[in-house]
Amino acid sequence: MSFSIRTRAFALAGSAARSKGCPRALRPLARFNHHHGAAASPPNTDNQPKTGVQPSYGPIGVAAALKHTANGPTPSPTLFKDEFSLADRVALVSGGNRGLGLEMALALVEAGARAVYCVDLPAEPCEEWLKVREYAAQMAGKAGAGRLEYVSGNVTDQAAMWKIGQDIGDKEGRLDACIAAAGVLKDHTNCLEYPASQFRQVMDVNVNGVLFTAQAAGRQMDRFGNGGSIILIASMSGSITNKDHAWVSYNSSKSAVLQMARSMACELGPKRIRVNTLSPGHIYTNMTAAYLDTQPHLLAKWASLNPMGRIGRPDELRGVVTWLASDASTFCTGSDIIVSGGHHSW
Ligand SMILES: NC(=O)c1ccc[n+]([C@@H]2O[C@H](COP(=O)([O-])OP(=O)(O)OC[C@H]3O[C@@H](n4cnc5c(N)ncnc54)[C@H](O)[C@@H]3O)[C@@H](O)[C@H]2O)c1
């Protein structure tokens with residue numbers, strides 16, 4: 001394979017920087033005309049940059065600094081205004097009626113998303129969800145934008161999930177981000193006695209339901225051609241076993257989600273649809289309250305299992321989901337991001 005940087009995308013910008021011992025400066029790359037990272041480019045074509053093309057608001061970072069001239073406009077930071085911004089994006093969040101799903105949905109709205117659709121089982125959203133929607137609507141500068149929407153749906157129903165995705169696409173004209181957060185955790189059940197029906201139930205929600213949610217959004221991302229980001233909520237329990245907890249179905253389901261993301265990422269990369277997992281450690285939500293509020297000794301035990309010496313709060317996942325959903329992570333796909341207070345590091 002020939003590799004001529006001078007005649008392809010990495011044309012040298014000049015000799016001045018080289019003469020001062022700096023690395024060779026590269027000309028800014030071509031821009032791409034939409035969100036979600038560089039367009040996949042065929043190899044070895046003379047007019048295609050090897051790293052894909054710059055975002056529409058590019059160049060950014062060092063490339064912007066090198067392009068800037070002393071008499072040009074005063075530079076302004078792009079990191080939060082552009083790369084992390086979800087302005088005008090549309091998202092689907094399963095399990096968004098409460099807990100981690102609702103926390104993440106609000107984070108996407110705060111990052112500028114035009115509409116975030118929360119899909120969950122109840123026919124109507126809970127009081128907490130309504131309060132969060134009201135709060136989002138009242139945020140300064142958000143009048144009429146940044147909607148939280150509620151859709152009643154069961155992630156185990158593939159046809160229903162695809163229809164929810166289709167309806168969002170028809171209404172909004174795009175679908176850019178998806179968080180598959182719906183999940184269930186059962187009581188301790190001995191692995192040698194584990195009943196088939198209960199094992200299937202957990203797999204149906206935590207594995208099949210995650211796939212159907214990712215499909216619902218991914219099909220729309222493909223339809224509109226803007227790329228997208230799919231975030232599957234796995235768990236540290238997909239790669240470690242929680243000490244003294246008989247959770248074979250939950251742990252197995254989360255392992256499946258880790259591999260689902262890698263597999264989908266490899267298929268969907270050429271369409272600029274990224275698929276990653278987020279694996280939280282112990283976070284205090286209704287799911288874990290079922291244990292912590294009935295067996296108070298577990299709080300100190302779980303806290304002692306990570307170097308931070310505490311369990312986590314749902315809001316401590318706001319930054320990572322915004323990063324994963326946004327252009328700030330356009331080269332990240334097929335990855336598992338562990339946010340566990342260091343539980344894995346002992
Ligand atoms: N809380 C933690 O410590 C923790 C840690 C790691 C991973 N997780 C994962 O994060 C996700 C969210 O958990 P959480 O702690 O917010 O729990 P939660 O129980 O508060 O929320 C889960 C939500 O999923 C919804 N849901 C369940 N089955 C559904 C179905 N069939 N269709 C649609 N919605 C359904 C529930 O109604 C609920 O609103 C889960 O996938 C969970 O496994 C949680």
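Residues numbered from 1 in each chain as written. Predicted model: local features only at pLDDT ≥ 70, side-chain atom pairs only at ≥ 80, totals over all residues.

The name given to the protein chain in an unreviewed UniProt entry is Sorbose reductase sou1, with the source organism recorded as Phlebiopsis gigantea. Reading the Sequence similarities (unreviewed entry) entry of the UniProt record for the protein chain gives the comment "Belongs to the short-chain dehydrogenases/reductases (SDR) family." (UniProt positions renumbered as here; feature names shortened; annotations may be inferred.)

A. Up close: the overall build of the protein chain. A count of helices and strands for the protein chain gives 11 helices and seven strands. Evaluated residue by residue, the protein chain yields a buried proportion of 38% over its 346 residues. Taking as baseline every contact in the protein chain between residues at least 6 positions apart, the subset at least 24 positions apart corresponds to 72%. (Helix = DSSP H or I, 4+ residues; strand = E, 2+ residues; numbered from the N terminus. Buried ≥ 20, exposed ≤ 12 C-beta atoms within 10 Å, placed from the backbone. Contact = placed C-beta atoms within 7 Å.)

B. Structural view of the site of the ligand. Near the ligand lie 27 residues; those nearest to it are G95, G99, G183, T285 and M287. Of all elements in the fold, only α4 (99–110), α7 (196–224) and α9 (286–292) reach the threshold of two or more residues within the shell around the ligand. (Near = placed C-beta within 6 Å.)

C. Seen up close, helix α5 (residues 127–138). With 12 residues, α5 should reach 16 Å at 1.5 Å per residue; the first-to-last C-alpha distance of 17 Å fits that figure. Residues of α5 that are buried include every one of W129, V132, R133 and A136, and no others. Relative to the axis of α5, the buried residues are bounded by an arc of 100° and lie together on one face. Of the residues in α5, the exposed ones pointing more than 90 degrees away from the buried face are E127, K131, E134, Y135 and Q138. In this structure, the buried residues of α5 make contact with α4, β2 (115–120) and β3 (147–152). (Expected span 1.5 Å × (residues − 1). Arc of directions from axis to C-beta.)

D. Here's a closer look at helix α6 (residues 158–172). An ideal rise of 1.5 Å per residue puts 21 Å on 15 residues; α6 measures up with 21 Å between its terminal C-alpha atoms. Along α6, the residues classified as buried are M161, I164, G165, I168, G169 and E172. Mapping the buried residues of α6 onto a view down its axis gives an arc of 130°, with all of them on the same face. The exposed residues of α6 that point more than 90 degrees off its buried face are A159 and D170. Here the buried face of α6 lies against β1 (90–94), β2, β3 and α7. Looking at the residues trailing α6, positive phi occurs at G173, about 75°.

E. Region of interest: the packing of α4 against helix α11 (residues 318–325). Where α4 contacts α11, the two axes come as close as 9 Å, and the packing angle between them is 60°. Viewed along their axes, α4 and α11 adopt a mutual orientation that is oblique. Here α4 and α11 pass one another in a crossing that is right-handed. Judged by residue contacts, E103, M104, A107 and L108 of α4 engage R318, V321, T322 and A325 from α11. (Axes fitted to C-alpha atoms, helices over the stretch in contact; angles between N-to-C directions. Parallel < 35°, antiparallel > 145°, perpendicular 65-115°, else oblique. Left-handed = near helix turned anticlockwise from the far one by under 90°.)

F. Main features of unusual backbone geometry. Residues G58 and P59 are joined by a peptide bond in cis, for which omega reads 0°. Structurally, P59 is set in the loop between α1 (16–19) and α2 (61–67). The phi dihedral of D244 falls on the positive side, at around 70°, and the residue is not glycine. In this structure, D244 sits in the loop between β5 (228–233) and α8 (248–268).

G. Structural context of the nonpolar core. In terms of nonpolar packing, the biggest core is built from 66 residues, with A91, L108, V116 and L232 touching the most fellow members. The element best represented in this core is α7, accounting for nine residues. Ignoring anything within four residues of it in the chain, the contact list for L108 reads L86, A91, A113, V116, A177, T322 and A325. (Core = buried A, V, L, I, M, F, W, Y, C linked by C-beta atoms within 7 Å.)

H. How the structure looks around the pairing of strand β4 (residues 177–180). Burial of the side chains of β4 extends over both faces: A177 and I179 are buried on one face and C178 and A180 on the other. Pairing analysis gives four bridges linking β1 to β4, with the strands arranged parallel. What sits directly across from A91, in β4, is A177. The parallel pair β4 and β5, bridged by α7, forms a crossover whose chirality is right-handed. (Pairing = 2+ DSSP bridges. Right-handed = clockwise from strand over helix to strand, strands pointing away.)

I. The sheet that holds β3, seen in detail. Read across the open sheet, the seven strands follow the order β3-β2-β1-β4-β5-β6-β7; overall the sheet is parallel. Of all strands in the sheet, those bounded by a partner on one side alone are β3 and β7 (336–339). Adjacent strand axes in the sheet meet at a mean angle of 20°, parallel and antiparallel pairs treated alike. As paired strands, strand β6 (residues 273–280) and β7 are joined by four bridges and run parallel to one another. Counted as the bridge partner of T277 is D336 from β7. Most of the contacts of α4 go to β2, to which it runs at about 170°, and overall it touches β1, β2, β3, β4, β5 and β6.

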